[in-house]
Structures are given as structure tokens and as C-alpha cells.
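# Architecture and fold: a report
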Amino acid sequence: MSQSKLITLDEFTIQETRKFPQATGDLSALLRDIGLAGKIINKQVRKAGLVDILGKHGATNVQGEEQMKLDVYANETLINILKNCTECAGIASEENDDHLPYEDTFSYNSKYVVLFDPLDGSSNIDVNASIGTIFAIYRRVSELGKPCTQADFLQPGRNLIAAGYIIYGSSTMMVYATRLGVNGFTLEPSIGEFCLSHPNMKCNEKGKIYSVNQGNWVKYDESMRNYLNYCMESNKDEGRPYTQRYIGSMVADMHRTLIKGGIFMYPGDTSAPKGKLRLQYECNPMAFIMEVAGGMAVSGEGHVLDIQPTELHQRTPIFIGSKKMVEKAMEFVQVREVAN
Ligand code: AHG
Ligand code: MN
Ligand code: MN
């Protein structure tokens, strides 16, 4: 693609805003600020392997700054950038116990709140595999002119205005969805901009890849094992056995599922009846992206996006990806009633 044809994230979000004459541009600005945080986190991620050479965590670097673990660094980067912008009233992060309202008059009048998993797949940092950042944007329900409240962060995923992720992989990409569509932007390092590379992303109705931590087999119930047996069974017409892929970074597993089709699962098991993944920081944003892309995301009891959150850090089982594959999985999987 010649440089003159590049559409940057900034240009794209502004074009999208122009489709709505009444839009204020706040959402576009917020997405651009999240993109900026992504670029700063990316810079640090790309240095991860050098930590042992340049000094271990806890050491002081040449600028006299204490070196932080990447997930702490990513968290603080997002918190600070969103605090300094005018569109965000407060945040909730997987890394913080409570939501954080921004205490200044600009933020009191901001209409959005952002929830994020600052660094997803952190166990993959040490082995140089893909990691990511996941974010979710809601319109606040609390009164403008005051600090945002917990109710702003306990909205069902159906209320999402936008959601996305940044993947720090073999290239760095930002993918985000609004109700208008899902679009992917690849970071062009020479100009330091995210450029539109994957317009109007769609998830195929069917796929040939299943993605699950099959090492948990002994903890799965019979219905889940029956579905996994179905995935491994031979049926030429249906393209089975399916291929198994599991990176262990939800962002990376989801990115593949979105592009190639397939199903990604983190079900409940005997030691974790609601699975491992967090509803507000991981499952809702991914479910929103997947549904806008034509895919499906369920917990086993209904659509992930319909769950009414009752606490900030709650977990949910998830089955997400190509619509037909998720529907098929649901013919097998029975979910036990679990108290919150
Ligand atoms: P995080 O690094 O934010 O704690 O998330 C890790 C999550 C998710 O990215 C991944 O899908 C899952 O943990 C993998 O869990 P298992 O190791 O249990 O398979
Ligand atoms: Mn995570
Ligand atoms: Mn995390």
C-alpha cells in the first residue's frame, strides 16, 4: 500500500464521527487516546526481552525511573492517559480492586467510562508469545457534573458503545468495534501510526479450529468432554477432526478466531465453576466485537452480553467464535447452576 493511501486511526475515527451530524467527536478522541496508550505500551513490550540486560524489575533505569512489571506499567499508562483526556469520567481495571473516578471538573462532565485488562496473557511475556490489551467503553449512567459511580461499570455488555483490543504480536494491531463494524489497524512503525489494514472484519459462520485448555480435561464435566470428543472425531464432510490451537492469551486466541473462524472456550470446571475469564474486562468486550463481526458469544446460559454484572471482577464461562460452531457446542454443553 502506498503511503498516500494510508488511512490512520485518527483519520478513520474522524470519518466515522462525520456519519453522525449530532456526534461530538468524544468517542473518536477516546479511541485515539487508547491508541496512544497502546503505542506507549507497545514500545515497552518490545523491550521486554532486554530487561535482563538493561536491569531487572525493581531496579532503577538511567532516567532514575523504577522499572515496573509490564502489567503494572500498562495499567498506569492507561490510567494516566485517560485521566488527562477530557472524554473519560473514570476507569475500572483488572489490576485495581475498585473503580477509579477521575476527580476533576472536566472528568465530572465526561460522558464515557472505560474498563480494561491492561495486559492480557502476561504469562506469555517470558516466552515471547503474543500478549494484548483489552478495553470496553460505556456511556455513563450516573449524573453528569459529579464523579462517576460503580453503577457506570456494572452495565451489561449490551450497553457497550465500543470495545477493542491491541495485540502485541508479530506486528502490533488495534482492532475495535462500534455498532457500525469491526476494523483493524496495524501499527506502521516508520510513522508511528495505526493504519487501517483490516476494514470491516467478519468472522466466518463456520471454522475448523477449536481452542481450549484441554489440560483441564479431568475437571470438565461429561457434556464438555462429549463436545471435545466431537471436535476430535473424524468426519470428512464436516472437516473433522478440527485443528486444536491454544495460545493462552485470550487476545491472541480471539484474534485468530476472528480472522480464521473457529471456537474459543473457557468453560467452567470443578475447581472454577465460572471459569477463569473476567466478564467486564475480557468476555464482554470480546463478545461485543464477535457479535458485530457476525459471530456469537455465550456463557452456556445465554448471550454473554446479556449478563447483568453484580460485581466488578466477576467471571463467566465463555464459548465464542463462528456462529455455527458455538451453536453446535451448545447442543452438547450443559451448564450447571452456579451461585454468583
Ligand atoms: P491475564 O494475563 O490478563 O491474567 O489473562 C490470562 C487469561 C487469558 O488471556 C487466557 O485466555 C487465559 O488466562 C489462559 O488461562 P489458562 O492458563 O488457565 O488456560
Ligand atoms: Mn486477561
Ligand atoms: Mn491482565
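Residues numbered from 1 in each chain as written. Chains lettered and ligands numbered in written order. Predicted model: local features only at pLDDT ≥ 70, side-chain atom pairs only at ≥ 80, totals over all residues. Heavy atoms only, no water.

## A few points about helix α8 (residues 250-260)
Across the 11 residues of α8, nine count as buried, placing the element largely inside the fold. Among the residues of α8, M250, V251, A252, D253, M254, H255, R256, T257 and L258 are the ones counted as buried. The positive-phi residue at the C-terminal boundary of α8 is G261, with phi of around 85°. (Buried < 20%, exposed > 50% of the residue type's maximum accessible area, 1.4 Å probe, protein only. Helix = DSSP H or I, 4+ residues; strand = E, 2+ residues; numbered from the N terminus.)

## So, the site of ligand 1
Around ligand 1 sit 16 residues in total, of which D120, G121, Y246, M250 and Y266 are the nearest. At a separation of 2.7 Å, an oxygen atom of ligand 1 approaches a polar side-chain atom of D120. In isolation ligand 1 has 480 Å² of accessible area, and contact with the protein removes 80% of it. Elements represented by at least two residues in the shell around ligand 1 include exactly β3 (112-120) and β11 (263-266). The dominant element in the shell around ligand 1, judged by the number of residues it contributes, is β3, at three residues. A domain-level breakdown of the shell around ligand 1 finds at least three residues from each of domain 1 (3-198) and domain 2 (209-332). (Near = heavy atom within 4 Å. Polar contact = N/O pair within 3.5 Å; in protein donor to acceptor, adjacent residues only side chain to side chain. Areas by Shrake-Rupley, 256 points an atom, 1.4 Å probe, with all protein chains shown as cover. Domains from an automatic or database assignment.)

## Looking at the coordination of the manganese ion (ligand 3)
Surrounding the manganese ion (ligand 3) are the protein donor atoms E94 (OE), D117 (OD) and L119 (O), which sit 2.3 Å from the metal. Written as a sequence motif, the donor residues of the manganese ion (ligand 3) are E-x22-D-x1-L. The two metals, the manganese ion (ligand 3) and the manganese ion (ligand 2), are separated by 3.7 Å and share D117 as a common coordinating residue. (Donors = N, O, S within 2.8 Å, 3.2 Å for Na, K, Ca; no water.)

## Digging into the packing of aromatic side chains
Given two aromatic rings, their pairing is described by the distance between the two centres and the angle made by the two planes. All told, the structure shown has seven aromatic pairs when counted by the stated rule. Summarising the aromatic geometry, the rings of Y227 and F332 are spaced 5.6 Å apart at their centres and angled 55° between planes, so their arrangement reads as tilted. Separated by 105 residues along the polypeptide, Y227 in helix α7 (residues 222-232) and F332 in helix α10 (residues 323-332) bring together distant segments of the chain. Classification of Y227 as buried rests on a relative accessible area of 1%. Assessed through its relative accessible area of 24%, F332 is described here as partly exposed. (Phe/Tyr/Trp six-rings, centres within 6.5 Å; stacked < 30°, edge-to-face > 60°.)

## Structural notes on the domain arrangement of the protein
Parsing the protein into structural domains produces domain 1 (3-198) and domain 2 (209-332). Of note, the centres of domain 1 and domain 2, computed from C-alpha atoms alone, are 25 Å apart. Tallying the contact residues gives 44 residues for domain 1 and 31 residues for domain 2. Across the domain 1/domain 2 interface, buried area totals approximately 2700 Å², and carbon plus sulfur atoms make up 66% of it. In terms of surface lost to domain 2, no three residues of domain 1 exceed L154, R158 and Y165, which account for 24% of the buried area on that side. Joining domain 1 to domain 2, the criterion identifies two salt bridges. Across the pair R158 and D306 runs a salt bridge, and its minimum N-O distance is 2.7 Å. Counting the contacts that link domain 1 with domain 2 gives 13 residue pairs in polar contact (both at pLDDT 80 or more). Going through the elements one at a time, β1 (88-93), β3, β4 (131-139), α6 (150-153), β5 (162-168), β6 (172-178) and β7 (181-188) are the ones with two or more residues in the side of domain 1 that touches domain 2. Partitioning the side of domain 1 that touches domain 2 into residue classes produces 22 nonpolar, 15 polar and seven charged. (Contact = heavy atoms within 4.5 Å. Buried area = accessible area lost by both parts, 1.4 Å probe. Salt bridge = Lys/Arg side-chain N within 4 Å of Asp/Glu carboxyl O. Nonpolar A, V, L, I, M, F, W, Y, C, P; charged D, E, K, R; others polar.)

## A closer look at the coordination of the manganese ion (ligand 2)
The manganese ion (ligand 2) binds to the protein through D117 (OD), D120 (OD) and E282 (OE); the donor distances cover 1.9 to 2.2 Å. The sequence motif formed by the donor residues of the manganese ion (ligand 2) is D-x2-D-x161-E.

## A short note on the packing of helix α1 (residues 9-18) against helix α2 (residues 26-45)
Relative to each other, α1 and α2 sit at 165°, their axes nearing to 9 Å. Considered as vectors, α1 and α2 are oriented roughly antiparallel to each other. You can see that α1 and α2 cross each other, and the crossing is right-handed. Contacts from L9, D10, T13, I14 and T17 in α1 reach S28, L31, R32 and G35 in α2. In terms of residue class, the contact of α1 with α2 is made up of three nonpolar, four polar and two charged. (Axes fitted to C-alpha atoms, helices over the stretch in contact; angles between N-to-C directions. Parallel < 35°, antiparallel > 145°, perpendicular 65-115°, else oblique. Left-handed = near helix turned anticlockwise from the far one by under 90°.)

## What about the sheet that holds β4?
Pairing is mixed in the open sheet, where eight strands are placed in the order β2-β1-β3-β4-β5-β6-β7-β8. Only two strands of the sheet have a single partner each, and these edge strands are β2 (100-101) and β8 (193-198). As paired elements, β7 and β8 share five bridges and run antiparallel to each other. Across the sheet, F185 pairs through a bridge with L196, a residue of β8. Taken strand by strand, helix α4 (residues 70-84) contacts β1, β2, β3 and β4, and its axis lies near 160° from that of β3. Each of β1, β3, β4, β5, β6 and β7 is contacted by helix α9 (residues 279-292), which is oriented at about 80° to β4, the strand it contacts most. (Pairing = 2+ DSSP bridges.)

## Quick notes on unusual backbone geometry
Of the consecutive residues R240 and P241, the connecting peptide bond is found in the cis state with omega at 5°. Considering the arrangement of structural elements, one finds P241 in the loop between α7 and β10 (243-244). Look at N128: it is not a glycine, yet its phi comes out positive at around 60°. Mapped onto the fold, N128 is located in the loop between β3 and β4. By relative accessible area, which is 75% here, N128 ends up exposed. For N200, which is not a glycine, the phi torsion comes out positive at approximately 45°. Within the fold, N200 resides in the loop between β8 and β9 (209-211).

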